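As a plain string of letters, each chain reads:
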2 protein chains.
Amino acid sequence: MKSIQVGLLGLGTVGTGVVRIIKGHQQDLMSQTGASIEISKILVQDKSKLRDIEVSSELLTEDPRDVIENPEIDIVIEVMGGIELAKGYILEALDRGKHVVTANKDLMALHGQEILAKASEKGCDVLYEASVAGGIPIIRTLVEGFSSDRITKIMGIVNGTTNYILSKMSQEGAAYHDVLKEAQDLGYAESDPTSDVEGFDAARKMTILGTLGFHAHVSLSDVKVRGISQVTKEDIAYGKRLGYEVKLLGIAERQDDYISISVQPTMVKKSHPLASVNGVFNAVYVHGEAVGETMFYGPGAGGMPTATSIVADLVAVVRNLKLGINGQRALAPFKEKKLKTDEQIASKNFILLHVEDKAGVLAQITQVFAQHEVSLESVLQHPNETNPKAEIIIITHDANQAAMKKVLKQFEDMDVVHSIKSVYRVEG
Amino acid sequence: MKSIQVGLLGLGTVGTGVVRIIKGHQQDLMSQTGASIEISKILVQDKSKLRDIEVSSELLTEDPRDVIENPEIDIVIEVMGGIELAKGYILEALDRGKHVVTANKDLMALHGQEILAKASEKGCDVLYEASVAGGIPIIRTLVEGFSSDRITKIMGIVNGTTNYILSKMSQEGAAYHDVLKEAQDLGYAESDPTSDVEGFDAARKMTILGTLGFHAHVSLSDVKVRGISQVTKEDIAYGKRLGYEVKLLGIAERQDDYISISVQPTMVKKSHPLASVNGVFNAVYVHGEAVGETMFYGPGAGGMPTATSIVADLVAVVRNLKLGINGQRALAPFKEKKLKTDEQIASKNFILLHVEDKAGVLAQITQVFAQHEVSLESVLQHPNETNPKAEIIIITHDANQAAMKKVLKQFEDMDVVHSIKSVYRVEG
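Residues numbered from 1 in each chain as written. Chains lettered and ligands numbered in written order. Predicted model: local features only at pLDDT ≥ 70, side-chain atom pairs only at ≥ 80, totals over all residues. Heavy atoms only, no water.

Draft legend 1. The overall build of chain A, seen in detail. Counting secondary structure elements, chain A contains 14 helices and 18 strands. The C-alpha atoms of chain A give a radius of gyration of 24 Å, which matches the 22 Å a tight globule of 428 residues would have. Its C-alpha atoms put chain A at 80 × 45 × 35 Å along the principal axes. When the 428 residues of chain A are sorted by exposure, 60% land in the buried category. By sequence separation, contacts in chain A at least 24 residues apart represent 72% of the contacts at least 6 residues apart. Only carbon and sulfur atoms are counted for the fraction: they give 48% of the accessible area of chain A, which is about 16,900 Å². Of the charged side chains in chain A, 45 are positive and 56 negative; the average position of the first set lies 2 Å away from that of the second. (Helix = DSSP H or I, 4+ residues; strand = E, 2+ residues; numbered from the N terminus. Rg over C-alpha atoms; globule rule 2.2 N^0.38 Å. Buried < 20%, exposed > 50% of the residue type's maximum accessible area, 1.4 Å probe, protein only. Contact = heavy atoms within 4.5 Å. Areas by Shrake-Rupley, 256 points an atom, 1.4 Å probe, with all protein chains shown as cover. Lys, Arg positive; Asp, Glu negative; His and termini not counted. Charge placed at Lys NZ, Arg CZ, Asp CG, Glu CD.)

Draft legend 2. Main features of a nonpolar patch on the surface. Together, Leu186, Tyr188 and Val280 of chain A line one region of the surface with nonpolar side chains, adding up to about 260 Å² of accessible area. As for its position among the elements, Leu186 of chain A is in helix 8 (residues 176-186). (Patch = residues over 30% accessible without salt bridge, like charges linked within 9 Å, V, L, I, M, F, W, Y side chains within 5 Å. Salt bridge = Lys/Arg side-chain N within 4 Å of Asp/Glu carboxyl O.)

Draft legend 3. Structural detail: the nonpolar core. Counting 146 residues, the largest nonpolar core has Ile138 and Ile165 of chain A together with Ile138 and Ile165 of chain B as its most contacted members. Those residues in contact with Ile165 of chain A that lie beyond four places of it in its chain are Tyr176, Val179, Leu180, Ala183, Val197 and Ile228 of chain A. (Core = buried A, V, L, I, M, F, W, Y, C linked by side-chain atoms within 4.5 Å.)

Draft legend 4. Looking closely at the relation of the copies chain B and chain A. Superposition of chain B onto chain A requires a rotation of 180° combined with a translation of 0.0 Å along the rotation axis, giving an RMSD of 0.0 Å. A rotation of that kind, with that shift, is consistent with a two-fold axis. Closest approach to the rotation axis within chain B is made by the C-alpha atom of Phe296 of chain B, at a distance of 2.3 Å. Interface residue correspondence from chain B to chain A reaches 100%, placing this contact among same-surface, isologous pairings. (Least-squares fit on C-alpha atoms with pLDDT ≥ 70 in both.)

Draft legend 5. Up close: the domain arrangement of chain A. Domain assignment breaks chain A into domain 1 (4-134 + 303-323), domain 2 (138-299) and domain 3 (346-427). For domain 1 of chain A versus domain 3 of chain A, the separation of C-alpha centres amounts to 51 Å. (Domains from an automatic or database assignment.)

Draft legend 6. Focus on the packing of aromatic side chains. In this structure the tally under the stated criterion is eleven aromatic pairs over all chains. Measuring from ring centre to ring centre gives 4.7 Å for Tyr164 of chain A and Tyr188 of chain A, while their planes differ by 70°; the resulting arrangement is edge-to-face. A residue pair is termed long-range when its members are at least 10 positions apart, and Tyr164 of chain A in helix 7 (residues 160-172) and Tyr188 of chain A in the loop between helix 8 and helix 9 (194-197) qualify at 24 residues. Ring plane angle 70° and centroid distance 5.5 Å describe the contact between Phe369 of chain B and Phe411 of chain B, whose orientation is recorded as edge-to-face. Pair noted here: Phe369 of chain B is in helix 13 (residues 361-371) and Phe411 of chain B is in helix 14 (residues 401-412), with a separation of 42 residues, a long-range link. The residues Phe369 of chain B and Phe411 of chain B share a single accessibility class, namely buried. (Phe/Tyr/Trp six-rings, centres within 6.5 Å; stacked < 30°, edge-to-face > 60°.)

Draft legend 7. Spotlight on the side chain of Lys168 of chain B. Residues and elements named next belong to chain B. In this structure, Lys168 sits in helix 7 (residues 160-172). A distance of 3.3 Å separates polar atoms of two side chains, one belonging to Lys168 and the other to Glu182. If we skip the residues at most four places from it in the chain, Lys168 touches Gly173, Ala174, Val179 and Glu182. (Polar contact = N/O pair within 3.5 Å; in protein donor to acceptor, adjacent residues only side chain to side chain.)

Draft legend 8. Structural view of the environment of Glu92 of chain A. Residue and element names in this part refer to chain A. Relative to the helices and strands, Glu92 is located in helix 4 (residues 84-95). The sequence separation of Glu92 and Lys2 amounts to 90 residues, and the corresponding C-alpha distance is 24 Å. Leave out the neighbours within four places in its chain, and Glu92 touches Ile68 and Glu69. Reaching out from Glu92, the side chain makes a polar contact with the side chain of Arg96 at a distance of 2.7 Å.

The structure is reproduced here in structure tokens:
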């Protein structure tokens, strides 16, 4: 078999990892695929830039056409990021019959359907394992490992930055802004952290996981998103006292054929396997009707872990090339998407209220829940003995979101409720 | 495409789960594979036996030839267990061009090489995801998810019975024999528990994982095995006090091209993700050069979880049938097996000694370690204040097994050492 020529779009941290693995594991990759894999061109923004890796200057180009229009190149690896430019290059590469491996979650979440349709039309592979949870092979697991099962729930810690921040806040009792600052100094958070801390990055990944897990085209706009910027150290401390850790969870659920997808800070019971996933690690919990509870844990980002997933996809494309089956193993979503209404989305809830400190208030509060048929698991009055404010923490049993909205609306209108300090979904 | 005919060998708990999934998920399996999947024959020992599942009596047979010699049948699912009989049936089925899915770890550990060679010769698939860690798709993960990486370490809690026993001993401070009895009453342990508690079952699974992870033919005889029957509640209590949980770990390691595989009760640091895997759950920790630390967690046994893996394999075989590539995706081990010597196998160790209670003993003990160049991480004298016996717990830094054997041999010969109560490998 002739050697396989690979073109790279981008040579940042992940691209550098890809070059390292392809060069360093040449013999193993040959044994795995029966072919030698060569990098023939790498698109960079600035050829003269100093790099962490030694790459022959002939490999580098600043002209994308040297990769996507290069007739020698069989497979294009896109690790440049961004949306419009990357999309154009990928579609162009597919049009020319090249297979594509990408780590671009933003692109796949927003335009995955269009890209995969083009790939199918052209008989090309598009693989994107690295787009979700870096080094964890979660896409393969959903698509192949659980092909026989009906997945009912996917819960993911799929953003390392926010998990780092929440873990630190929990471990050190530190405030959000202090830890964010520290994460920025360490390079774990961007100078503009919005995409991470407001949950948008996690939402994109959940769009991909939801589509694959439920076999229906989930759009980014289907995901209800709330970030962690309002999580206080008091919330985390109360959670801990009651046996919970606050985690930013992406939650995709299915009941019958109705699905819901959200991203939100969640009180996770300490006995749940997700509760002990700390720092920049990612984990995806998958519940299937037949298999029950499973969890997949590993590094969610980083050059080498992400490159592992990219090169595993590359190996898969090369194996397909050898078998002559490119573009034939992808499975398009085959179910109609039906979204749950607020009445259908149920969960336990954690509510912290500041209330007037006088007799009868608790009765008034619990009465509101009863009125909307929300039953309570526990009620804790004055949870903080050193704090003179009258505080009440309520944990509900499963309650639907429509009822919860009515309850909270009513609290807003009650004089004895000074403020609704926080509301969290509860899991585990 | 014509409908795919499946024959089952066995209709116990797992076989029943397979029938449930194939029947219950008919429409989804059709969407997944583009083919309808029908069960045409099931080999049972006694057709008249009452069963948990409604199966047409015409499907049942007591004659294996109705399955393995049946020209209608495309795929044989072996869930009968046992070795010689199952091996004969599988080889016969392969000879007749049938593809095989099996959950039989004993068979694959002992005769996998022969069976896979026959499959390759006949252009047939043999898939065996269910043979290790039930519902966790760990074989796919090793073979495809990490195809790009060099796996350096696999540590598995791959036997649910022993993990149940050790978890209970840890949680309740109970003694081994009491918990074993309870596990037997609950059906979590066999009436003859030898294969589980002495580590043989785990060793077979590690043979399979080691072969796949290291791409070398690992034999069962390469696995050094020690079970949990000598683990005492005192050991577990001391471990807890020092921040460890005792787990029966299968450990497969590679350094350069040298490998070692073992099964043994191990002190696992509480912060390690394996330490909190409790009850009958399984988990496999995989460390790769590029990916770093990952872990895969889920149900290790049970009818439905195991059936999930079997039917996922069935889906893969049917997809291969559709693409005409059966027997072409398997990758035979391509590396020579080189086993580490005792000098090359290193780990931390936990040692509990009963010693004479007099001055200078500790100096004598530590002198022995120094003499064999084993350095110590910590030494705890009289760890149990309520116990008048002079006890010493030592935790070593990484030490090779040859040196450790010399140290222990010397303790045996020392008058001041009354007994070497326990020795554990330490991880995490």
